[in-house]
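Here is how the chains run, residue by residue.
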Amino acid sequence: MKSEIQKINSKNNNIYIKRDDLLGYSFGGNKLRKAINFFKEIDLGNYDCVVTYGSSSSNHCRIIANMAKERNIECYIISPKESSKETLNSKIIKNFRAEIIIVPVEEVKYTIDHIMKELKHTNKTPYFIQGGGHGNLGTKAYIETFDEIQEYEKKEKIKFDYIFLASGTGTTQAGLICGKVLNNSPIKIIGISVARRNPYGRYVVLESVYDYLNESEIEYEKESINDHTIFLDDYIIDGYGSYNEEIEKIISNMMSTNGIPLDPTYTGKAYYGMNKYIDQNNISDKNILFIHTGGTPLYFDYLDKRGI
Ligand SMILES: *Cc1c(COP(=O)(O)O)cnc(C)c1O
């Protein structure tokens, strides 16, 4: 599955947006790209159910539940009680009749192990997917995306100087960094953290990069990868899901002038971080690619919350 890259009107720099939000299945997004790789493995194996975890607003859980339903295999979603407020994603997930198990956050890991064991006991063959589609198959999805970006560069005869994206559990950024390493590209990849602080947030991205390159037996220079992994925790505001007036303005402007929905948790926050970073570092006359990682249902949750 491939997505379009679209140039938008902007001052000072040439801004392009890669529309992964328009990938044509279940509202698309980066979780779709990752899920496709996991389900390739499920389809090749003997699996008859899938187990994953995430909050009620999880784009990952929505796509996994959709793909499981499509195959008519059972889907178990373990969700922390602390973030189980009803959202559009949770309604969609319920509509697929996925089994949602809500437990206190500290019991999530135990519950996953317990359900996996129980399922195996009843002669089921469950496939486990980490939250957010974490893992090498998730990373691989964004190496493939990096290739798509390079194809576009060749076709349009341009070179991107920067890629900006919302970084959460880190495999989207890790995949892009692996793509950069494998292609010896000078592009700068900047992850705007939506929740995690440094040094932990950056460390998780790096671990995903090393994991993938090790498993694929690709040689690399650790130092150089370290230097090229930029994970910024300056724009988190008050943590996951929090936002400010500036982000609201960005969401509103982006919709009015380009018809592109952003949400306050991921893409709106990342776009805000990108603008700030560009200003703070006096970046001008560059070709900048922003990856729209999806999350369209969260745009509607946001409108609902504002009472529009
Ligand atoms: C999950 C998610 C991200 C973060 O991706 P990671 O691979 O977890 O870093 C960014 N944007 C949206 C819309 C997401 O759902």
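Structure shown above.
First things first, this report covers the structure right here in the doc. (Residues numbered from 1 in each chain as written. Predicted model: local features only at pLDDT ≥ 70, side-chain atom pairs only at ≥ 80, totals over all residues. Heavy atoms only, no water.)

Describing the overall build of the chain
Broken down by element type, the chain carries 11 helices and 10 strands. Expected size for 308 residues packed as a compact globule is a radius of gyration near 19 Å; at 19 Å, the chain falls within 12% of this value. When its C-alpha atoms are laid out on the principal axes, the chain stretches across 60 × 50 × 35 Å. Looking at the 308 residues of the chain, the share that counts as buried comes to 54%. A separation of at least 24 residues holds for 75% of the contacts in the chain among residues at least 6 apart in sequence. When the accessible surface of the chain is totalled, it reaches about 14,900 Å², and 46% of it is carbon and sulfur. Counting 38 positive and 41 negative side-chain charges, the chain places the averaged centre of each group 4 Å from the other. (Helix = DSSP H or I, 4+ residues; strand = E, 2+ residues; numbered from the N terminus. Rg over C-alpha atoms; globule rule 2.2 N^0.38 Å. Buried < 20%, exposed > 50% of the residue type's maximum accessible area, 1.4 Å probe, protein only. Contact = heavy atoms within 4.5 Å. Areas by Shrake-Rupley, 256 points an atom, 1.4 Å probe, with all protein chains shown as cover. Lys, Arg positive; Asp, Glu negative; His and termini not counted. Charge placed at Lys NZ, Arg CZ, Asp CG, Glu CD.)

Remarks on the packing of helix α2 (residues 59-71) against helix α3 (residues 88-95)
What describes two packed helices is the angle between their axes and the distance between those same axes. One can describe the packing of α2 onto α3 by two numbers: an axis separation of 9 Å at closest approach and a directional angle of 20°. Between α2 and α3, the interaxial angle falls into the category roughly parallel. The handedness of the crossing between α2 and α3 comes out as left-handed. On α3, the residues touching Asn59, Cys61, Arg62 and Ala65 of α2 are Asn89, Ile92 and Ile93. (Axes fitted to C-alpha atoms, helices over the stretch in contact; angles between N-to-C directions. Parallel < 35°, antiparallel > 145°, perpendicular 65-115°, else oblique. Left-handed = near helix turned anticlockwise from the far one by under 90°.)

Focus: the pairing of strand β8 (residues 188-193)
Among the six residues of β8, five are classified as buried, and the element is accordingly described as predominantly covered. By the bridge criterion, six bridges tie strand β7 (residues 162-167) to β8 in an arrangement that is parallel. Note that in β8 the partner of alanine 166 across the bridge is isoleucine 192. In this fold, β7 hands off to helix α6 (residues 171-182), which returns the chain to β8; that crossover is right-handed. (Pairing = 2+ DSSP bridges. Right-handed = clockwise from strand over helix to strand, strands pointing away.)

Points about the pairing of strand β1 (residues 5-8)
Bridging between β1 and strand β2 (residues 14-19) involves four bridges; their strand directions are antiparallel. Counterpart to lysine 7 in the pairing with β2 is tyrosine 16. In this structure, the hairpin formed by β1 and β2 is closed by a connection of five residues, where asparagine 12 is found at a positive phi of approximately 65°.

Focus on the site of the ligand
Residues in contact with the ligand amount to 15 residues; listed here are only the nearest, Lys31, Gly168, Thr169, Thr172 and Thr293. Contact between the ligand and asparagine 30: an oxygen atom at 2.9 Å from a side-chain N or O atom of the residue. A distance of 2.8 Å separates an oxygen atom of the ligand from a polar atom in the backbone of glycine 170. Contributing elements (two or more residues each) for the shell around the ligand: α1 (30-44), β7 and α6. No other element matches α1, which puts three residues into the shell around the ligand. Split by residue class, the shell around the ligand holds two nonpolar, 11 polar and two charged. (Near = heavy atom within 4 Å. Polar contact = N/O pair within 3.5 Å; in protein donor to acceptor, adjacent residues only side chain to side chain. Nonpolar A, V, L, I, M, F, W, Y, C, P; charged D, E, K, R; others polar.)

Some details on helix α4 (residues 108-121)
Because each turn of an α-helix spans 3.6 residues, side chains separated by three or four positions in sequence point in the same direction. Relative to the 20 Å expected for 14 residues at 1.5 Å per residue, α4 spans 20 Å between its end C-alpha atoms, a close match to the ideal helical length. Every buried residue of α4 is listed here: Val108, Thr111, Ile112, Ile115, Met116 and Leu119. Within α4, the buried residues cover an arc of 135° as seen down the axis, which keeps them to one side. Seen from the open side of α4, the exposed residues pointing more than 90 degrees away from its buried face are Lys109, Tyr110, Lys117, Lys120 and His121. Where the residues of α4 are buried, they touch β3 (49-53), β4 (74-80), β5 (99-103) and β6 (126-128). Phi turns positive one or two residues past the end of α4, at asparagine 123, with a value near 65°. (Expected span 1.5 Å × (residues − 1). Arc of directions from axis to C-beta.)

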